[in-house]
Amino acid sequence: MTLTRRACVTALLAALPCTYALAQGTWPNRAIRIVVPAPAGGASDMIARTVAESIRQDTKQTVIVDNKPGAGGILAVETMLGASRDGYTFVLSPNSLVTENPYSYKFRFDPFKDLAPVAEVASVPLVLIADPRLPIKNISELIAYVKAHPGKTSYASYSPGTISHIKGMQFNKAAGLDMVHVGYKGSPPALTDLMGGQIQFMFDGMGTTLPMAQSGKVRPLAVTSAKRSPYLPDVPTLAEAGYGNLSQIMGTSVWSTPDVPQGIRNRMREELLKAVASPSMKSQLAALGMDVGSTTQTSAELETALRQDNERTGKALNAINYKP
């Protein structure tokens, strides 16, 4: 009898890894939730809904997009952290969630201990734009204009402490300029003032700038991507203008918590890569002036890149004694 009981216990213990693997293998078997730190209708929301539809079609499971805007992504992340750690709740956000926002908001979590990136789904450069009424058509003319009007030109950012602010500051220094920074709460009010002549220049995201540039309401001078954007093919890169060290793109990624089983995280990554390869996703991103994220970058490589961007942001903000 003792031997029989021992044999049963041994058999049960041996079966546990198989049961665990089976549980991961059947993921998903219920609804998945993607939390977005942005309101409905914004770029992140539209990306999330396109991703959600792709996953729904592939897995035959419901995928819910849950909008939790505000507080620099804190509300969205805390929603995920408060959910079960079983691989059914994720966050989709611009990478600024971990590369920039920790310097401007008081996080109650560690972005690199409590979050684990799964995959990058989209990328987009910034565009250096100018008031189209200015006699400026390229970077050289911008520099000449600013130097001819010392202390009288300014550049906007869509929020202090963001890449929009940092890139302007870095360009200011690299070109030996004295432009004054003016921070806004979002791109729309900054663009309004630029078009109204209160602000002369701005580094803005492609998504909000593209329709303005195409209609002639702002003048694009350069993009921060390593190559020219297919959406503004006539606009040179900063590298072409001699400022290659200022090249940088913004990404949008999906995160889980690090304690979600690796097998489930791998499955979610596969679903995300399928989504970004779909025609509907490419069409949606193109409408936003965005490209798909890297399909070859591993989750570990993405985390390394995000840590490097976080450190680079910190150094840039510390150099100006930035205080949120």
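Just so it is clear, the structure is predicted and the values come from calculations on it, not from any experiment.

Visitor: So what's going on with the packing of aromatic side chains? Residues and values would help.
Guide: A complete count under the given rule lists four aromatic pairs for this structure. Geometrically, the ring pair formed by F171 and F203 is edge-to-face, given 6.3 Å between the ring centres and 70° between the ring planes. Highlighted residues: F171 in helix α6 (residues 163-174) and F203 in strand β7 (residues 201-205), separated in sequence by 32 residues. A relative accessible area of 0% means that F171 is categorised as buried. An aromatic cluster is built from F171, F203 and Y243, whose rings are joined through pairwise contacts.

Visitor: Outline empty space enclosed by the protein, supporting the account with residue identities and numerical values.
Guide: According to the stated counting rule, one finds two cavities of 30 Å³ or more in the structure shown. When its volume is computed, the largest cavity comes out at roughly 60 Å³. As for the largest cavity, its lining consists of E100, I163, I166, Q170, Q248, D309, R312, T313 and A316. Where the lining of the largest cavity is concerned, the elements lending two or more residues are α6 and α11 (299-319). If one sorts the elements of the lining of the largest cavity by residue count, α11 sits on top with four residues. Broken down by class, the residue content of the lining of the largest cavity amounts to three nonpolar, three polar and three charged. Looking at the second largest cavity, its volume works out to about 30 Å³. In terms of lining, the second largest cavity is formed by V118, Q262, R265, N266, R269 and S299.

Visitor: Quick rundown of the pattern of salt bridges? Include the residues and the values.
Guide: With the rule as written, the count across this model stands at 13 salt bridges. Close ionic contact of R85 with D259 constitutes a salt bridge, the shortest N to O distance being 3.1 Å. A residue pair is termed long-range when its members are at least 10 positions apart, and R85 in the loop between α3 (74-81) and β3 (89-94) and D259 in the loop between β9 (249-256) and α9 (262-277) qualify at 174 residues. Residue classification places R85 among the partly exposed positions, given a relative accessible area of 37%. Taking the relative accessible area as the measure of exposure, D259 reaches 44% and is therefore partly exposed. For D131, the salt bridge goes to R133, with nearest N and O atoms at 3.1 Å. Among the ionic contacts, a cluster of salt bridges with common partners joins D58, E271 and K274.

Visitor: Could you give an account of the pairing of strand β4 (residues 116-130), with specific residues and numbers?
Guide: Most of β4 is tucked away: 15 of the 15 residues are buried. As defined by bridge partners, β4 adjoins strand β10 (residues 291-292) across two bridges and the pair is classed as antiparallel. Paired with S123 across the strands is D291, a residue of β10. As paired strands, β4 and β7 are joined by five bridges and run antiparallel to one another. Opposite L126, over in β7, you have G205 as the bridge partner. Here β4 runs beside strand β8 (residues 219-223); their pairing, made up of four bridges, is antiparallel. Bridging from a neighbouring strand, L128 pairs with A222 of β8.

Visitor: Explain the confidence of the model for the protein chain to me, and be specific about the residues and the numbers.
Guide: Averaged over every residue, the pLDDT of the protein chain is 90; residues scoring 70 or more account for 92%. Averaged pLDDT values over the elements of the protein chain bottom out at 46 in helix α1 (residues 2-25) and peak at 98 in β8. For the stretch residues 7-24, pLDDT sits under 50, and the model shows six contacts to residues farther than four places along the chain or on other chains.

Visitor: A description of the side chain of S187 should follow, citing residues and the corresponding values.
Guide: Positionally, S187 belongs in helix α7 (residues 187-195). Look at S187 and you get buried, because its relative accessible area is 9%. Within the structure, S187 has its side chain in polar contact with the side chain of D204 (distance 2.6 Å). Among residues more than four places away in sequence, those in contact with S187 are Y158, M202, D204 and T208.

Visitor: Kindly report on the pairing of β3, identifying the contributing residues and their values.
Guide: Counting buried residues along β3, five of its six residues qualify, which places the element largely inside the surrounding structure. Bridge count between strand β1 (residues 32-36) and β3: three bridges; the pairing is parallel. Residue pairing in the sheet places R33 in a bridge with T89 of β3.

What counts, and at which threshold
Residues numbered from 1 in each chain as written. Predicted model: local features only at pLDDT ≥ 70, side-chain atom pairs only at ≥ 80, totals over all residues. Heavy atoms only, no water. Phe/Tyr/Trp six-rings, centres within 6.5 Å; stacked < 30°, edge-to-face > 60°. Helix = DSSP H or I, 4+ residues; strand = E, 2+ residues; numbered from the N terminus. Buried < 20%, exposed > 50% of the residue type's maximum accessible area, 1.4 Å probe, protein only. 1 Å grid on protein atoms, 1.4 Å probe; cavity = no way out; pocket = protein on both sides within 12 Å on 5 of 7 lines; lining within 4 Å. Points joined across faces, edges and corners; volume = space filled by probe spheres on them. Nonpolar A, V, L, I, M, F, W, Y, C, P; charged D, E, K, R; others polar. Salt bridge = Lys/Arg side-chain N within 4 Å of Asp/Glu carboxyl O. Pairing = 2+ DSSP bridges. pLDDT = per-residue confidence, 0-100. Contact = heavy atoms within 4.5 Å. Polar contact = N/O pair within 3.5 Å; in protein donor to acceptor, adjacent residues only side chain to side chain.

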